[in-house]
Amino acid sequence: ARQSKAPHFVDHVLVELENSFGSAAVQQGGFTVRTTLDLDLQQTAEQAVTNGVVDLHRYNVNNAALLAADPKTGEVRAWVGSARLTPRHNPELGTPSPFLYWPSS
């Protein structure tokens, strides 16, 4: 899942599959899974998170997340679990510090 274009979303789907069918069945494969993820919106969301962290770095923001859902159905359209910034993306940020997570309000 980590090598996918939406690793946090894929991890969530895998957990749901394992809860429903068991780990062995999921590892064996053979499932066809259709999701509500929009890969174009996913890419836009990832860029927005990256840009937001860069823009807010001066306020010691070093990570962000974004979940975009259809307000009528609750279907997940994009899920960015972290900014995943490295100095290669923006040399001004230096070495990434450990991430902090807290509930949003």
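What you see is a predicted model; the values in this text were computed from it and never measured. (Residues numbered from 1 in each chain as written. Predicted model: local features only at pLDDT ≥ 70, side-chain atom pairs only at ≥ 80, totals over all residues. Heavy atoms only, no water.)

**Describing the overall build of the protein**
- Across its full length, the protein carries 3 helices and 2 strands.
- From first element to last, N terminus to C terminus, the protein shows the α and β order α-α-α-β-β.
- Counting over 105 residues, the protein shows a buried share of 21%.
- Contacts in the protein between residues far apart in sequence, at least 24 positions, make up 49% of those at least 6 positions apart.
- Accessible area of the protein: about 7,800 Å², with a carbon and sulfur share of 53%. (Helix = DSSP H or I, 4+ residues; strand = E, 2+ residues; numbered from the N terminus. Buried < 20%, exposed > 50% of the residue type's maximum accessible area, 1.4 Å probe, protein only. Contact = heavy atoms within 4.5 Å. Areas by Shrake-Rupley, 256 points an atom, 1.4 Å probe, with all protein chains shown as cover.)

**Some thoughts on the packing of aromatic side chains**
- Following the criterion strictly, the structure yields 2 aromatic pairs and no others.
- Ring centres of Phe 9 and Trp 79 lie 6.4 Å apart, and the angle between their planes is 70 degrees; this geometry places the pair in the edge-to-face category. Here the residue Phe 9 occupies a position in helix H1 (residues 7-21), and Trp 79 occupies one in strand S2 (residues 76-80), the gap between them amounting to 70 residues.
- A ring pair is formed by Phe 21 and Phe 31, whose centres lie 5.0 Å apart and whose planes are at 45 degrees; its orientation type is tilted. Of the two residues, Phe 21 is situated in helix H1 and Phe 31 in the loop between helix H2 (23-28) and helix H3 (39-56); the sequence distance between them amounts to 10 residues. (Phe/Tyr/Trp six-rings, centres within 6.5 Å; stacked < 30°, edge-to-face > 60°.)

**Observations regarding the pattern of salt bridges**
- On inspection of all chains with the given rule, the structure shows 2 salt bridges.
- Arg 77 is the salt-bridge partner of Asp 70, the closest N and O atoms lying 3.7 Å from each other.
- Asp 70 sits in the partly exposed class, given a relative accessible area of 21%.
- The residue Arg 77 makes a salt bridge to Glu 75 at a minimum N-O spacing of 2.9 Å.
- Residue classification places Arg 77 among the partly exposed residues on the basis of a relative accessible area of 25%.
- By relative accessible area, which is 30% here, Glu 75 ends up partly exposed. (Salt bridge = Lys/Arg side-chain N within 4 Å of Asp/Glu carboxyl O.)

**Describing the side chain of Asn 63**
- With respect to the secondary-structure elements, Asn 63 resides in the loop between H3 and strand S1 (66-69).
- Take Asn 63: its relative accessible area is 10%, and that puts it in the buried class.
- From its side chain, Asn 63 meets the backbone nitrogen of Ala 83 in a polar contact 2.6 Å long. (Polar contact = N/O pair within 3.5 Å; in protein donor to acceptor, adjacent residues only side chain to side chain.)

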